[in-house]
Every structure is written in structure tokens, then in C-alpha cells.
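As a plain string of letters, each chain reads:
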Amino acid sequence: MLHLRAIVPPDRTEAVCAAMTECAGATNVVVLPGAARSPRGDLVQIDVARESANEVLAALRRLGIDKDGSIAMEKIDLSVSEAAERAERRAPGHGDDAVVWDEFDRQVTEGTILTWSFIAFLALATQLAGIAALIDSPVLVVGAMVLGPEFAAVAAICYGIFRRQPARIWQAVRALLIGFVSAIVITYVCALVSKWIGVIETDRLPANRPLTAFIYSPDRWSFIVALLAGAAGVLSLTAGKSSALVGVFISVTTVPAAGNLAVAMALRHGSEITGSLEQLAVNFLGMIISGTVTLFVQRAVWNAVLRQRGRSAAKRST
């Protein structure tokens, strides 16, 4: 269940309550007249089944609550209510399959904002990956994958293609380009300094790296893994299953390839520079393709669920 809090102009409170009554997945409607001060209005609180969230938000938008009032929604960790259970049973489909598009929009939009913390996390992850390349450590490769913050921007590109929003795509691409270039430059400089002061006691990357060679050796499996990870990542974001997202990060070698690229440039190891660039391209391409396809499939599946609900309601009425 989700909890919705809306500040409603008094002249539209009854209309909002009527709209919530018509929504099968809405329940526990509470009205506190005149409780809101900024903006002024009535405070309306509603519990909503996740699968009905889009319907409720659309109804509130039609009444102009997003412009003249305020709408906030949050997840309920525990709901002990027979009314809420009935609302979930009446709502179409299952909550885990429902995509709350406004929620997903916010998540991916935040992921494309080029902040200091975004670059810092990406730089730290890339440096971990660079060290992993030097000592052939798969543990550090996994750490770099988990620490990297780039997947939200990849998801934003998928969503921009899905919604046909070039501005969103460009913003996400810009964040990835600046973020990765900054992280690679920082790691490159650190590798050069480490070489000059003797921390790196080699002129080339190790020739035999059985545990981490995959980060600069793209093949068909690299693309297949990227496809699977992109689909799983988008599903994790849209279904709210953040725990699954950690597994997605561990599956994709974008940041490790960037770290290997930086160290390979510092040590002038040409073949690994090329391989790392190819690995980066393969992974981003695979994730973007599968992530976009996943969004289209989710929309088609949910539209089928809603059509089935409409047919069932029509049969009950006849």
C-alpha cells in the first residue's frame, strides 16, 4: 500500500473524495478541513493500492491539485486494515507488476543531475577498479560495480527513448559523459603519480590476469549479460525492488572497464585501452536496448491487465 497526502483547495475537496470513491484501489480517506497553511486548503489523506496509484494521480491532476495544491506519496511499511486488504483485492493486477510512472520519473531524473557526489562516487569506484586491474582482484571489481552510481542515468536514457523526450536523453548522456571522463581522468592522474613515486612497480599491466581479464575482453557473453542486467535493473526500479538492483550492479562491468582504461592509459598498454573502450560500449548499448524494451513490455502487459479488468467489470454489470 501507498499513503497519499494531498493539500486540496476547499472548493474541490468533495470532488476529490468522489473521485477516490470511484477508484477501486483507494481507501481510508481522511479529510482535515482547513488544516493546510502553505498552500492553504484541506488536507486529504488516502491509502492507495500500488496498482491503482497511476489512476489516483491522474484523477488528482484532472482536478488541478498538482497546480493549486500539493500531492505527496510514500510507501507504507505496515498496514493492518481489512479495508486496505479489500482495496488491494479490488485493484487490477498485482502491486509488484505495477509501474508508478511518476515515481520512476523522479528516480531517473535525480539520477541525471550532475552533482559533486555523483562524480565523487564514480571516481572512487573507478579507482577501486583500477587497483583491481593491477592486482587481479575480483573482490575489488565487485566493490567498484556496487559503488558506481551510473545505472539511474542509463535508466533515464531508456525512459527518454520510451517517452520520446530528447532533452531527457541528452541530460542523461551528458551526466554519463562528464562523470566517466572526470572519473577516468582522476584515476589516470592517480595512476601516473603512483607510478612516479614507486607505488606501482611495473611499466605495464600484468600479462596474465585470469580473474579480471573479462573487464577488457568483450565477447558475446558481455552483451548478453548487459541485456539481462539492463532489463533486471529497470524492473527493479519500476517495481521498487531495490534489493535486486544490487545484483544488477554486480553483473555489469561499466565502471571496472573505465578503471582498467585509466590505468592502461597511464601504463601505455594499448591493447587493453581498446578492449576497455569496447567493453564500455557493449555494456551501455546492451543495457539501453534491454531497458527500453522492458519499459515497452511493462506498459503493454499493464494495458492488457486493465483491458481484462474492464471486460470483467462489464460482465458483472450485465
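Definitions and limits used
- Residues numbered from 1 in each chain as written.
- Predicted model: local features only at pLDDT ≥ 70, side-chain atom pairs only at ≥ 80, totals over all residues.
- Heavy atoms only, no water.
- Helix = DSSP H or I, 4+ residues; strand = E, 2+ residues; numbered from the N terminus.
- Buried < 20%, exposed > 50% of the residue type's maximum accessible area, 1.4 Å probe, protein only.
- Areas by Shrake-Rupley, 256 points an atom, 1.4 Å probe, with all protein chains shown as cover.
- Lys, Arg positive; Asp, Glu negative; His and termini not counted.
- Charge placed at Lys NZ, Arg CZ, Asp CG, Glu CD.
- Pairing = 2+ DSSP bridges.
- Axes fitted to C-alpha atoms, helices over the stretch in contact; angles between N-to-C directions.
- Phe/Tyr/Trp six-rings, centres within 6.5 Å; stacked < 30°, edge-to-face > 60°.
- Salt bridge = Lys/Arg side-chain N within 4 Å of Asp/Glu carboxyl O.
- Patch = residues over 30% accessible without salt bridge, like charges linked within 9 Å, V, L, I, M, F, W, Y side chains within 5 Å.
- Arc of directions from axis to C-beta.
- Polar contact = N/O pair within 3.5 Å; in protein donor to acceptor, adjacent residues only side chain to side chain.

### Points about the overall build of the chain
So, point 1. The helix and strand tally for the chain stands at 13 helices and four strands.
So, point 2. Seen along its three principal axes, the alpha-carbon backbone of the chain occupies a region of about 75 × 45 × 40 Å.
So, point 3. When each of the 318 residues of the chain is scored for burial, the buried share is 46%.
So, point 4. In the structure as shown, the chain presents an accessible area of about 15800 Å², 61% of it carried by carbon and sulfur atoms.
So, point 5. Averaging the positions of the 29 positive and the 27 negative side-chain charges in the chain gives two centres separated by 5 Å.

### Details of the sheet that holds strand β1 (residues 2-8)
So, point 1. Pairing in this open sheet of four strands is antiparallel, and the strands run β2-β3-β1-β4 from one edge to the other. The open sheet has two edge strands, β2 (26-37) and β4 (70-75), and neither has a second partner. Ignoring strand direction, the axes of neighbouring strands in this sheet form an average angle of 15°.

### Some thoughts on the packing of aromatic side chains
So, point 1. One pass over the full model with this rule turns up seven aromatic pairs.
So, point 2. Judged by centre distance (6.5 Å) and plane angle (75°), the ring pair of Trp 101 and Phe 104 falls under edge-to-face. Taken together, the residues span about one helical turn, with Trp 101 and Phe 104 both in helix α5 (residues 101-111) at a distance of three residues.
So, point 3. Look at Phe 104 and you get buried, because its relative accessible area is 1%.
So, point 4. Joined through ring pairs, the aromatic side chains of Trp 101, Phe 104, Tyr 159, Phe 162 and Phe 296 make up one cluster.

### Comments concerning the pattern of salt bridges
So, point 1. Taken as a whole and judged by the stated rule, the model has seven salt bridges.
So, point 2. Where Arg 61 meets Asp 66, a salt bridge forms, and the shortest distance between an N and an O atom there is 3.9 Å.
So, point 3. Taking the relative accessible area as the measure of exposure, Asp 66 reaches 35% and is therefore partly exposed.
So, point 4. Shared partners join several salt bridges into a network, and the residues in it are Asp 11, Arg 12 and Asp 68.

### Some words on a nonpolar patch on the surface
So, point 1. Among the surface-exposed residues, Val 181, Val 185, Val 189, Val 193, Trp 196, Ile 197 and Val 199 lie close enough to one another that they form a single nonpolar patch of about 700 Å² accessible area.
So, point 2. Mapping Ile 197 onto the fold places it in the loop between α9 (166-196) and α10 (220-239).
So, point 3. Taking the relative accessible area as the measure of exposure, Ile 197 reaches 60% and is therefore exposed.

### Side note on the environment of Ile 65
So, point 1. Looking at the secondary structure, you find Ile 65 in helix α3 (residues 65-68).
So, point 2. For the pair Ile 65 and Val 16, spaced 49 residues apart in sequence, the C-alpha to C-alpha distance is 9.0 Å.

### Quick look at helix α7 (residues 138-147)
So, point 1. Regarding α7, the residues found buried are Val 141, Ala 144 and Met 145. Looking down the long axis of α7, one finds its buried residues gathered within 100° of arc, a one-sided arrangement.

### Some thoughts on the side chain of Ser 236
So, point 1. Within the secondary structure, Ser 236 sits in helix α10.
So, point 2. Of note is the side chain of Ser 236, whose polar atom sits 2.8 Å from the backbone oxygen of Ala 232.

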